[in-house]
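As a plain string of letters, each chain reads:
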Amino acid sequence: HDYCTMMKRLNVLSIPLLLLINNSSILILGFQHALSLSSIHQHFLPTKHPSSARLYSTPPSITTTPNEQRPPAAPIVTRTYRSYKWKEHNINYRVEGPASAPPILLIHGFGANVNHFRFQFPTLVEEGYRVYAIDLLGFGASDKPPDLDYCIELWVDLLEDFVRDFTASEGETWVVAGNSIGGLCSVCLSARLPDFIRGCVLFNCAGGMTGFRYEEIPIWLRPVLYFVQKVLLGPSFGADFFKNFKTKENVESILTKQGVYVDTTNVDDELLELLLGPADDEGAEDVFLKVFGGPAGPTPESVLPDVKCPILALWGDSDPWTPVDKGLHPGKGFSQFNENFTLVTLPGVGHCPHDEAPELCFKYMLPWLSMLGDDVDDGKKRGVTIS
């Protein structure tokens, strides 16, 4: 009875989000959680407690109303800004700041979009930069074609063309900055365009598009990963899984209770709307399932040696998804692969430091940006860790 009571309260988001964690034991736990809550539970795991198949439980003090009975709320987030045509796809991007200012490109993580950099735009523009943010293909207000094989390399191809097309003059160079998967894309882009990128900032960095590679996990765990990717997220159960994933209650629970935001001050209506809005777009379900069932792509460690520009990593030390000091791809080990890598650990900060603790990020980021391009070697700290 206690087991069933516990299982029915577990959040359906656990498995896809925990796939990003570089810890194999957590994968099993997240798999059990999601299995007990999805429709697949009813097919394979009979129970004496039918109520245990509930997708989530609402605390007794909260009364919810079915979505169809709720009056539509006025939007508080602008989703569509400007359109960039890329290989017949419309790519949404946002830009602010003087056309002649040094450009910075911000790259979001999984499930996010340009508006996740809501705190970066005003500050960086005020500091004298021209700030771009892009919705990766499949996310935000960009097109979501269902027939593509989504991967890190696809997004880096998009980012490369974007940087080349928006470089104002010969010799102009960019700073790229990304969160989670966007961080990995930033590293890959920096390696691919050494003549265009003068600095790279990581707001935590994912180990891959998905958190596991078959060759990196124990043999006994590989069937579980296969089952999750091909069955739970496959045609038979994927739609139901995504439907439960994108509820406001579930997303808010993940943000506030599973370490994404340690300080939940900025988990507000604006954040929830900017994350939830694109989930109702045509094609969003297909992208979601393809990303989680897709290849992990290159590791940060495999790409870092090819990056020629300085790298600043601002890493929340309480991030459970991409831990800085453990797992398969800990940020504390990145300096072994690039002598220009600087790590700043942010105490008590989770997976999205740029949005949870923007002022703390600016404390380190702005002075570092001001040093880029300075021909003063002894004024720069390289290959070090700052706590």
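Above this text sits the structure in question.
Residues numbered from 1 in each chain as written. Predicted model: local features only at pLDDT ≥ 70, side-chain atom pairs only at ≥ 80, totals over all residues. Heavy atoms only, no water.

### Looking at the overall build of the protein
- In terms of regular secondary structure, the protein is built from 15 helices and nine strands.
- Here the protein, with 387 residues, has 55% of them falling under the buried criterion.
- Intrachain contacts of the protein at a sequence separation of at least 6 include 76% that bridge at least 24 residues. (Helix = DSSP H or I, 4+ residues; strand = E, 2+ residues; numbered from the N terminus. Buried < 20%, exposed > 50% of the residue type's maximum accessible area, 1.4 Å probe, protein only. Contact = heavy atoms within 4.5 Å.)

### Examining helix α6 (residues 152-166)
- With 15 residues, α6 ought to run about 21 Å at 1.5 Å a step, and its terminal C-alpha atoms sit 21 Å apart, in line with that.
- Listed in full, the buried residues belonging to α6 are Ile152, Leu154, Trp155, Val156, Leu158, Leu159, Glu160, Phe162 and Val163. (Expected span 1.5 Å × (residues − 1).)

### As for the packing of aromatic side chains
- Per the stated rule, a full pass over the model turns up 17 aromatic pairs.
- Relative to phenylalanine 162, the ring of tyrosine 132 lies with its centre 5.9 Å away and its plane at 85°, an arrangement referred to as edge-to-face. Of this pair, tyrosine 132 sits in strand β4 (residues 130-134) while phenylalanine 162 sits in helix α6, placing them 30 residues apart in sequence. By the burial criterion, tyrosine 132 is buried, and phenylalanine 162 matches it.
- Seen from their ring centres, phenylalanine 288 and phenylalanine 292 are 5.1 Å apart, and the 65° between their planes marks the pair as edge-to-face. Taken together, the positions of phenylalanine 288 and phenylalanine 292, both in helix α12 (residues 284-292) and four residues apart, correspond to about one turn of that helix.
- On the basis of relative accessibility, which here comes to 1%, the residue phenylalanine 292 falls in the buried class.
- Through successive ring pairs, a cluster of aromatic residues spans Phe110, Phe139, Trp155, Phe242, Phe245, Phe288 and Phe292.
- One residue, arginine 94, lies across the ring of phenylalanine 121, its end atom 4.0 Å from the ring centre. (Phe/Tyr/Trp six-rings, centres within 6.5 Å; stacked < 30°, edge-to-face > 60°. Lys NZ or Arg CZ within 6 Å of the ring centre and 35° of its normal.)

### Digging into the nonpolar core
- Counting residues in each nonpolar core, the largest one holds 64 residues, and the members touching the most others are Leu105, Ile152, Trp155 and Phe288.
- Those residues in contact with tryptophan 155 that sit more than four places away from it in its chain are Leu136, Leu137, Phe139, Tyr150, Ile181, Cys185, Met209 and Val291.
- Counting residues in hydrophobic clusters, the runner-up holds 26 residues, among them Leu106, Leu124, Val131 and Leu366. (Core = buried A, V, L, I, M, F, W, Y, C linked by side-chain atoms within 4.5 Å.)

### A closer look at the state of the cysteines
- Across all of its chains, the model carries zero disulfides by this definition.
- Unpaired in this structure, cysteine 188 has its nearest cysteine sulfur neighbour in cysteine 185, at a distance of 6.4 Å.
- Take cysteine 205: it sits in no disulfide, and the sulfur closest to it among the cysteines is that of cysteine 200, at 8.0 Å.
- Overall, cysteine 205 belongs to the buried group, its relative accessible area being 1%. (Disulfide = S-S within 2.5 Å.)

### Section: the packing of helix α10 (residues 248-257) against helix α11 (residues 269-276)
- For the pair α10 and α11, interaxial distance at closest approach is 11 Å and the crossing angle is 120°. For the element pair α10 and α11, the recorded crossing hand is right-handed. For the pair α10 and α11, contact is made by Lys248, Val251, Glu252 and Leu255 and by Asp269, Leu271, Leu272, Leu275 and Leu276, respectively.
- Split by residue class, the contact of α10 with α11 holds six nonpolar, no polar and three charged. (Axes fitted to C-alpha atoms, helices over the stretch in contact; angles between N-to-C directions. Left-handed = near helix turned anticlockwise from the far one by under 90°. Nonpolar A, V, L, I, M, F, W, Y, C, P; charged D, E, K, R; others polar.)

### Thoughts on the pairing of strand β5 (residues 174-180)
- Across the seven residues of β5, seven count as buried, placing the element largely inside the fold.
- Relative to β5, strand β3 (residues 103-107) is paired through four bridges, and the arrangement is parallel. Its bridge partner being in β5, leucine 105 is matched across the sheet by valine 176.
- Sheet topology places β5 next to strand β6 (residues 197-205); seven bridges connect them, and they run parallel. Residue pairing in the sheet places valine 176 in a bridge with cysteine 200 of β6.
- With helix α7 (residues 181-192) bridging β5 and its parallel neighbour β6, the resulting β-α-β unit is right-handed. (Pairing = 2+ DSSP bridges. Right-handed = clockwise from strand over helix to strand, strands pointing away.)

### Things to note about empty space enclosed by the protein
- In the structure shown here, the tally under the stated rule is two cavities of 30 Å³ or more.
- Roughly 530 Å³ of volume is contained in the largest cavity.
- Together, 33 residues line the largest cavity, and Phe110, Gly111, Ala112, Phe245 and Leu275 are the ones closest to its centre.
- Within the residue set of the lining of the largest cavity, elements represented by two or more residues are β5, α9 (238-245), α10, α11 and α12.
- Grouping the constituent residues of the lining of the largest cavity by class yields 23 nonpolar, eight polar and two charged.
- Here the second largest cavity defines a volume of roughly 40 Å³. (1 Å grid on protein atoms, 1.4 Å probe; cavity = no way out; pocket = protein on both sides within 12 Å on 5 of 7 lines; lining within 4 Å. Points joined across faces, edges and corners; volume = space filled by probe spheres on them.)

### Focus: the environment of arginine 164
- Locating arginine 164 in the fold gives a position in helix α6.
- For arginine 164, a relative accessible area of 40% translates into the label partly exposed.
- For arginine 164, the residues in contact, after removing those within four places along its chain, are Leu193 and Phe196.

### Brief notes about the pattern of salt bridges
- For the structure shown, the criterion picks out 10 salt bridges.
- Across the pair arginine 79 and aspartate 281 runs a salt bridge, and its minimum N-O distance is 2.6 Å. Taken as a pair, arginine 79 in the loop between α4 (40-44) and β1 (82-86) and aspartate 281 in the loop between α11 and α12 lie far apart in primary sequence, 202 residues in all.
- Given a relative accessible area of 28%, arginine 79 falls into the partly exposed group.
- The shortest N-O distance in the salt bridge between arginine 118 and aspartate 355 comes to 2.8 Å. Linking arginine 118 in the loop between β3 and α5 (120-126) with aspartate 355 in helix α14 (residues 353-356), this pair joins segments that are 237 residues apart in sequence.
- Aspartate 355 sits in the buried class, given a relative accessible area of 0%. (Salt bridge = Lys/Arg side-chain N within 4 Å of Asp/Glu carboxyl O.)

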